[in-house]
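Examination of the molecular architecture
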Amino acid sequence: MNDRNESAEPRAGLRIGDAAPNFSARSTMGPVELADFRGRWVMLFSHPADFTPVCTSEFIALAKAADEFERRDCALVALSIDSLFSHFAWLRLIRDKFATEVRFPVVEDPTMVIGRAYGMVARGDNDSATVRTTFFIDPRGIIRAMTCYPANVGRSIPELLRTLDALQAVDRDGMLAPANWQVGDPLLHPVTTDIEEIFSDEDAGSWFLREAPR
Ligand code: BEZ
């Protein structure tokens, strides 16, 4: 931790809409400072430990999908409490055994100062590993979505991409993304709060549930 890291204290729960705490740290791709990604989307995600089965499967899947994130102008930044040298050894093994190069930065957080600031460290756990959290941070540095999975269940990369697509679509069009929305599906209009509009609409339901033209 150094003076670029905003807080050495655990945050009492980051929420959607909060500014993502800045940090700088060593990573497998050199020094990383979160603020340097301003202007791009960032998917910051933690994993419990290097050299573990589910985490390895996630890293292989994410490395294979890295171009998809790049196409959406979204930087991938991974983090765990393991040391930089552990990260290097693990990524080397993934390359040699699974023919997959992980080229996104994997941050070391051995003191857990970043993990604690983001609420990534499991509370009450006997071991201090980070859990499987994912933060989508928008180009202004604001947390827009977050997920938390347990150590024994891996994340769905198609769902992460869908979430990113939905966040970008609602920002672009000022609309809402309904359940199971995928790129190409209609978005929904935000709800009117004008009672004249609500009473004058011929269709009793369309004031609160109305598809936008594609
Ligand atoms: C895994 O990635 O497979 C894993 C990590 C920590 C605890 C259990 C499983």
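Before going into details, it helps to say that this report is about the structure given with it. (Residues numbered from 1 in each chain as written. Predicted model: local features only at pLDDT ≥ 70, side-chain atom pairs only at ≥ 80, totals over all residues. Heavy atoms only, no water.)

**Concerning the pairing of strand β7 (residues 143-149)**
Where a strand is regular, its side chains alternate between the two sheet faces. By the bridge criterion, six bridges tie strand β6 (residues 132-137) to β7 in an arrangement that is antiparallel. Looking at the pairing, F136 lines up with A145 of β7. Where β6 folds back on β7, the antiparallel hairpin that results is connected by five residues, among which G141 adopts a positive phi of roughly 85°. (Pairing = 2+ DSSP bridges. Helix = DSSP H or I, 4+ residues; strand = E, 2+ residues; numbered from the N terminus.)

**Some details on the pattern of salt bridges**
Counted under the stated rule, the structure contains 16 salt bridges. The partner of E70 in a salt bridge is R40, and the shortest N-O contact between them spans 3.2 Å. On the criterion of sequence distance, the pair formed by E70 in helix α2 (residues 66-71) and R40 in the loop between β2 (32-33) and β3 (41-46) is long-range, its members being 30 residues apart. Under the relative-accessibility criterion, E70 is labelled partly exposed at 46%. By relative accessible area, R40 is classed as partly exposed at 22%. Residues R162 and E159 are paired through a salt bridge, measuring 2.8 Å at the closest nitrogen-oxygen approach. With R162 and E159 both in helix α5 (residues 157-173), this residue pair falls three residues apart, about one helical turn. Judged by its relative accessible area of 31%, E159 falls in the partly exposed class. Each of E68, R71, R72 and D165 takes part in salt bridges that share partners, so that together they form one network. (Salt bridge = Lys/Arg side-chain N within 4 Å of Asp/Glu carboxyl O. Buried < 20%, exposed > 50% of the residue type's maximum accessible area, 1.4 Å probe, protein only.)

**Things to note about the site of the ligand**
Close to the ligand lie P48, T52, P53, V54, C55, R132 and A151. For the ligand, an oxygen atom lies 3.2 Å from a polar atom in the backbone of P53. R132 is positioned with one of its side-chain polar atoms (N or O) 3.1 Å from an oxygen atom of the ligand. Tallying contributions element by element places helix α1 (residues 53-64) first for the shell around the ligand, with three residues. Of the residues assigned to the shell around the ligand, the class counts are five nonpolar, one polar and one charged. (Near = heavy atom within 4 Å. Polar contact = N/O pair within 3.5 Å; in protein donor to acceptor, adjacent residues only side chain to side chain. Nonpolar A, V, L, I, M, F, W, Y, C, P; charged D, E, K, R; others polar.)

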